[in-house]
Amino acid sequence: MSNFYLEAASIIDDVEGRRGSLKSLAALRSAKSGIDAKRLLALAANTLSYKRALTVVLDKAGVLREEAKTLTAAARQSNASALSLTLVLVHDLLFTSRGRIAASMSWPPSAAVTRHAARLKAELVKLQIKEGKVAIKELRTGDKRADRIPRWVRVNERLVRPDELLEALQAQGWTRQEEGQHGLAPKRKSFMVSPHLGGCMLAFHPSQTSNLVEHHLYRDGKIVLQDLASCFPAEILLCEEAKTVADLHVVDATAAPGNKTSHLSALLAKRKGLSRITAFEKSAKRFATLCAQLDRAGALSGSSRCQHTARGAVTAVRSDFMEVNREELADVTHMLLDPSCSGSGIVGRLDHLSSKTALLDERETEEEEQSERLAHLATFQLAMIEFAMGFPSLRRFCYSTCSTHVQENEEVVLKALKTTVAQSRGWKLAGKSSVLPSWPTRGLGSECGSEQGLADAMIRCDPGGSMSDEATTNGHAQLEATNGFFVTCFVRESENKSREKNRKRKARAKVMKAIKRQKA
Ligand SMILES: C[S@@+](CC[C@H](N)C(=O)[O-])C[C@H]1O[C@@H](n2cnc3c(N)ncnc32)[C@H](O)[C@@H]1O
């Protein structure tokens, strides 16, 4: 137990010293100590999100002054700071219902903090009164937008029908809440059904995440915890093909951890006609996760859980997508391209907590680094799109990111449309009518010049929800709250049409050249 607090304290110090992200540091410490990474991550993240309030309470109660010797000596054991160690202990003393700290009372630092329990609790109440915060969670300085986003759950239609699943949930005491009933967000023991994506997306109260993860429906792969926005690419990619019987070969170019791949698979399983998916992943570690997720979802080709239908079965390949031989994949008709990105749309990342304490000159360096990083990512994203555009039989592909940056979104897409391969092969953006027209927030018009059609062909989800007028009037506001996301869909004009367009473009260029020559 004592190790648990020391490791969590060290993670906090390392995050604040910018030596890595919370997640990666928790994984590292877990590998070294054998302590569950999720528990470490939860304690470090929660302590950080309450750090401001905890520091005030700690200071007023004088714990660090009075117990400096004990706390400093213990913290030194793992090179953690006495402050971070005290914060994690006080966090558990004040905020965990079962008082986890009681389990380690024989450890001097736990005993030292517990000696001040009454004073610490009194200071916490005083702070709540002073700041007018009725609930303790209002003292958090974390990302408030996270509270607005429901815990989105996708019904895995490969293994269960939505009506069957709703019945199972209701039989287990969950109630279905209609939109507008008791406000705009799902209550604790209820769920709502999204008006988007044909009834397969359910919104739960965010506090239900751990209940859902432990639920057998999750373990059996019948539900997938997946953000609403993250389900748009597969839906948009296949919406035109839902009723056709044409054979499809779909590629997921950058697949792990596999949420979008398993969604693709579920959509294809419902469709008539032959279909298969090839999913590529470059990283060995993430490839293992991909296979495990696909297996649980009953989508991994050849696995016993995938036997009920071969339609939409996934062959997972550990490979760099940019090195595949496109001629060997000459029958690929559709593709998802969801490359690595900055992840700036993901709500709840605590990176901002440490940036608040950064010195000004550090911040300037950071901005420079950030713009370099974005430029690097955008170059890689554009290269991926260009590579995809060269697949011989590709008809339609979706490009998506969980970034809010224009550089990774509108800018990359507009550059891609101007590339030689796009022009020569007739790639353009699919119109709004086949790109989830019901979704209210679209690409940034200011970035797309005068062409409103282009912006409308793109979807943007604002982190934490758009609060668009339409959403608010329809009572959907929280039912449209997602992480930040961007998606658009490229389609290929028919060969003849694109050849004709090319011919005209060349003819125009020739005339322009002749005019210029005459003027000269
Ligand atoms: C944003 S994540 C994909 C998330 C996934 N689509 C999902 O919804 O679960 C990007 C993934 O692409 C992988 N990746 C990056 N470059 C790649 C490449 N050249 N070939 C294959 N995979 C790549 C990364 O390792 C990472 O797992």
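If you look the chain up in an unreviewed UniProt entry, it shows as S-adenosyl-L-methionine-dependent methyltransferase from Acaromyces ingoldii.

Enquirer: Report on the packing of aromatic side chains, specifying residues and quantitative values.
Expert: Taken as a whole and assessed by the stated rule, the structure comprises 11 aromatic pairs. Between Phe-280 and Phe-321, the ring centres sit 6.0 Å apart and the planes meet at 50°, which makes this aromatic pair tilted. Highlighted residues: Phe-280 in strand 7 (residues 275–281) and Phe-321 in the loop between strand 8 (313–318) and strand 9 (334–337), separated in sequence by 41 residues. In terms of burial, Phe-280 and Phe-321 fall into one category: buried. Measuring from centroid to centroid gives 5.9 Å for Phe-387 and Phe-391, while their planes differ by 90°, and the two rings are edge-to-face.

Enquirer: Any chance you could break down the environment of Phe-232 for me, citing the residues and the numbers?
Expert: Structurally, the position occupied by Phe-232 is in helix 14 (residues 232–238). For Phe-232, the contacting residues outside a window of four places in its chain are Leu-197, Leu-436, Trp-439, Ile-459, Cys-461 and Val-487.

Enquirer: Hey, could you go over the UniProt feature "active site" (unreviewed entry) in the chain for me, with residue numbers and the actual values?
Expert: Under the feature "active site" (unreviewed entry), the UniProt entry names Cys-402. The topology assignment puts Cys-402 in the loop between strand 10 (396–401) and helix 19 (410–418). If sequence neighbours within four positions are ignored, Cys-402 has contacts with Cys-341, Gly-343, Ser-344, Gly-345, Ile-346, Gly-484 and Phe-485.

Enquirer: Quick rundown of the packing of helix 6 (residues 68–76) against helix 7 (residues 82–95)? Include the residues and the values.
Expert: Interaxial distance between helix 6 and helix 7 falls to 8 Å at its minimum, and their mutual angle equals 105°. With respect to each other, helix 6 and helix 7 are oriented roughly perpendicular. Facing helix 6, whose interface residues are Leu-71, Thr-72, Ala-74 and Ala-75, helix 7 presents Ala-82, Leu-85, Thr-86 and Leu-89. Residue classes in the contact of helix 6 with helix 7 are distributed as six nonpolar, two polar and no charged.

Enquirer: Outline the nonpolar core, listing residues and values.
Expert: Judged by nonpolar contacts, the single largest core of 62 residues is most densely connected at Leu-202, Phe-232, Ile-236 and Ile-459. If you tally residues by element for this core, the top one is helix 14, at five residues. Residue contributions to this core reach at least three from each of two domains, namely domain 2 (146–230) and domain 3 (234–350 + 380–495).

Enquirer: So what's going on with the pairing of strand 1 (residues 151–155)? Which residues, and what values?
Expert: The side chains of a regular strand alternate, residue by residue, between the two faces of the sheet. In terms of burial, strand 1 is largely enclosed, as four of its five residues are buried. Two elements, strand 1 and strand 4 (residues 201–204), share four bridges in a ladder whose sense is antiparallel. Residue Arg-154 lies in a different strand from strand 4, and its bridge partner there is Met-201. Where strand 1 lies against strand 5 (residues 223–225), three bridges are found, and the strand directions are antiparallel. Looking at strand 5, one finds that Val-153 is bridged to Leu-225.

Enquirer: An account of the UniProt feature "binding site: S-adenosyl-L-methionine" (unreviewed entry) in the chain is requested, with residue identities and associated values reported.
Expert: Feature annotation in UniProt assigns "binding site: S-adenosyl-L-methionine" (unreviewed entry) to the following positions: Glu-281, Asp-320 and Asp-338. For the residues just named, distributed over 58 residues, the greatest C-alpha separation is only 13.8 Å, placing them together at one site. For Glu-281, the position within the fold is in strand 7. The buried category is assigned to Glu-281, whose relative accessible area is 8%. Reaching out from Glu-281, the side chain makes a polar contact with the backbone nitrogen of Ala-256 at a distance of 3.1 Å. Tracing the sequence through the fold places Asp-338 in the loop between strand 9 and helix 17 (351–355). For Asp-338, the residues in contact, after removing those within four places along its chain, are Thr-254, Lys-260, Ser-400 and Thr-401.

Enquirer: Which residues make up the site of the ligand, and what values go with them?
Expert: Contacts to the ligand come from 20 residues, most closely from Lys-260, Glu-281, Arg-286, Asp-320 and Asp-338. Within the backbone of Ala-256, one N or O atom sits 3.4 Å away from an oxygen atom of the ligand. Taken by itself the ligand offers 610 Å² of open surface, and the protein chains cover 89% of this. When contributions to the shell around the ligand are tallied by element, the ones reaching two or more residues are helix 15 (259–269) and helix 18 (360–389). Counted by class, the shell around the ligand contains eight nonpolar, six polar and six charged residues.

Enquirer: If you had to explain a positive patch on the surface to someone new, which residues and values would you point to?
Expert: Together, Lys-504, Arg-505, Lys-506 and Arg-508 make up a region of like positive charge exposed at the surface. Mapped onto the elements, Lys-504 comes out in helix 23 (residues 495–519).

Enquirer: Mind laying out the sheet that holds strand 2 (residues 175–176), listing which residues take part and the relevant values?
Expert: Spatial ordering of the open sheet is given by 2-3-4-1-5, a layout of five strands whose pairing is mixed. A single partner strand is all that each edge strand has here, and the edge strands are strand 2 and strand 5. Two elements, strand 2 and strand 3 (residues 190–193), share two bridges in a ladder whose sense is parallel. Residue pairing in the sheet places Arg-176 in a bridge with Phe-191 of strand 3. In the packing of helix 15 onto the sheet, contacts are made with strand 1 and strand 5, and the angle to strand 1 comes to roughly 35°.

Enquirer: Break down the side chain of Asn-483 for me, citing the residues and quoting the values.
Expert: For Asn-483, the location among the structural elements is in the loop between helix 22 (469–473) and strand 13 (485–492). Judged by relative accessible area, Asn-483 falls into the buried class, the value being 18%. Of the polar contacts made by the side chain of Asn-483, one reaches the backbone nitrogen of Val-347; its length is 2.7 Å. With sequence-adjacent residues up to four places away left out, Asn-483 is seen in contact with Ile-149, Asp-227, Ala-229, Gly-345, Ile-346, Val-347, Cys-461, Asp-462 and Pro-463.

Enquirer: How would you summarise the packing of helix 7 against helix 9 (residues 117–131) if you had to cite specific residues and measurements?
Expert: Contact geometry for helix 7 and helix 9: axes closest at 11 Å, N-to-C directions at 75°. By the angle class used here, helix 7 and helix 9 are roughly perpendicular. Across from Val-90, Leu-93, Leu-94 and Phe-95 in helix 7, the residues of helix 9 making contact are Ala-117, Leu-120, Lys-121 and Leu-124. Residues that form the contact of helix 7 with helix 9 fall into these classes: seven nonpolar, no polar and one charged.

Rules behind the numbers
- Residues numbered from 1 in each chain as written.
- Predicted model: local features only at pLDDT ≥ 70, side-chain atom pairs only at ≥ 80, totals over all residues.
- Heavy atoms only, no water.
- Phe/Tyr/Trp six-rings, centres within 6.5 Å; stacked < 30°, edge-to-face > 60°.
- Helix = DSSP H or I, 4+ residues; strand = E, 2+ residues; numbered from the N terminus.
- Buried < 20%, exposed > 50% of the residue type's maximum accessible area, 1.4 Å probe, protein only.
- Contact = heavy atoms within 4.5 Å.
- UniProt positions renumbered as here; feature names shortened; annotations may be inferred.
- Axes fitted to C-alpha atoms, helices over the stretch in contact; angles between N-to-C directions.
- Parallel < 35°, antiparallel > 145°, perpendicular 65-115°, else oblique.
- Nonpolar A, V, L, I, M, F, W, Y, C, P; charged D, E, K, R; others polar.
- Core = buried A, V, L, I, M, F, W, Y, C linked by side-chain atoms within 4.5 Å.
- Domains from an automatic or database assignment.
- Pairing = 2+ DSSP bridges.
- Polar contact = N/O pair within 3.5 Å; in protein donor to acceptor, adjacent residues only side chain to side chain.
- Near = heavy atom within 4 Å.
- Areas by Shrake-Rupley, 256 points an atom, 1.4 Å probe, with all protein chains shown as cover.
- Patch = residues over 30% accessible without salt bridge, like charges linked within 9 Å, V, L, I, M, F, W, Y side chains within 5 Å.
- Salt bridge = Lys/Arg side-chain N within 4 Å of Asp/Glu carboxyl O.
- Lys, Arg positive; Asp, Glu negative; His and termini not counted.
- Charge placed at Lys NZ, Arg CZ, Asp CG, Glu CD.

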